[in-house]
Amino acid sequence: MATRTPGGLSTATRPVVTAHGVRRAFGETVVLDGVDLAIAPGEVVALLGGSGSGKSTLLRILAGLDPEATGEITRTGSQAVVFQEHRLLPWKRVADNVSLGVPGAGVRQRVAAALAEVGLAERGRAWPAELSGGQAQRVAFARALVREPALMLLDEPFGALDALTRLKMQTLFGRLHAEHGFAALLVTHDVDEALLLADRTLVLDDGRIVEDAPVPLSRPRAPDHPGFGPLRRHLLDRLGVRPDQDGDAGT
Ligand SMILES: Nc1ncnc2c1ncn2[C@@H]1O[C@H](COP(=O)(O)OP(=O)(O)OP(=O)(O)O)[C@@H](O)[C@H]1O
């Protein structure tokens, strides 16, 4: 895997990450077979695809976590990853989890600010085991935020949460994005989540990106946004979900 840091274009216009010809096989099974993509600064891109289509594999590659992959990845800024499970260290207090590995002066203030932004200003001294699932995932977002990433890589970050908490977290994500302007790649199997949060949707199938479509809807968006209908039907069709299953936005 070649990783480059380019010169030339200004950082305002240069993609935060570019992938070219990314390929990954596990034994005989080719999971990614020539994936190209670019994410612009501040852009939220949802990555959809059926179970086992390679979404998490691609996210891990973009995050630099898969040395076996081939192709070229170019990054221009810092990045942070949020997984479906919060991955907090149980023996460290919340604030220490958030500051872990963050260099520089003023870390304590930045951690306090990040916890306040996710609505957990008072929980810095709590242990992870004392948090609900939703609160723990908020801490995971604070941990990402404190790194001031140009790109957030999110692997089904709301997938383990109950429906109400998921809605609240989606709203929180929208607010954090509006305030901080990071770019994001959001892996999800939920078409409505993609339409709620993304500027653009990608569909991964058979090792390639088979759909790359903008979401031309103004913000703020609500789950019952009238513009969702045609876009939802189109994406479900691309995901191979038949029209009579239209009520089910998952894959
Ligand atoms: N470390 C590994 N070793 C062997 N096979 C793997 C490994 N990681 C992933 N795979 C396989 O690669 C394929 C893609 O997996 P991946 O987790 O990327 O899919 P996904 O689209 O994220 O799926 P889901 O939506 O179910 O999470 C699957 O067939 C999976 O079994």
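Residues numbered from 1 in each chain as written. Predicted model: local features only at pLDDT ≥ 70, side-chain atom pairs only at ≥ 80, totals over all residues.

**With respect to the overall build of the chain**
Along the backbone of the chain there are seven helices and ten strands. Taken along the three principal axes of its C-alpha coordinates, the chain extends 50 × 45 × 40 Å. When the 251 residues of the chain are sorted by exposure, 36% land in the buried category. For the chain, contacts bridging at least 24 residues in sequence account for 73% of all contacts bridging at least 6. (Helix = DSSP H or I, 4+ residues; strand = E, 2+ residues; numbered from the N terminus. Buried ≥ 20, exposed ≤ 12 C-beta atoms within 10 Å, placed from the backbone. Contact = placed C-beta atoms within 7 Å.)

**Focus: the UniProt feature "domain: ABC transporter" (unreviewed entry) in the chain**
The positions UniProt marks with the feature "domain: ABC transporter" (unreviewed entry) are residues 17–231. Counting secondary structure, residues 17–231 comes out at 31% helix and 28% strand; the distance between its end C-alpha atoms is 26 Å. (UniProt positions renumbered as here; feature names shortened; annotations may be inferred.)

**Details of the nonpolar core**
Membership of the largest hydrophobic core comes to 67 residues, with the highest contact counts inside it found for Leu47, Ala142, Leu151, Ala184, Leu185 and Leu186. Considering each element in turn, this core owes the most residues, seven residues, to helix H4 (residues 133–145). Those residues in contact with Leu151 that lie beyond four places of it in its chain are Val16, Val17, Ile39, Gly77, Gln79, Phe182, Ala183 and Ala184. (Core = buried A, V, L, I, M, F, W, Y, C linked by C-beta atoms within 7 Å.)

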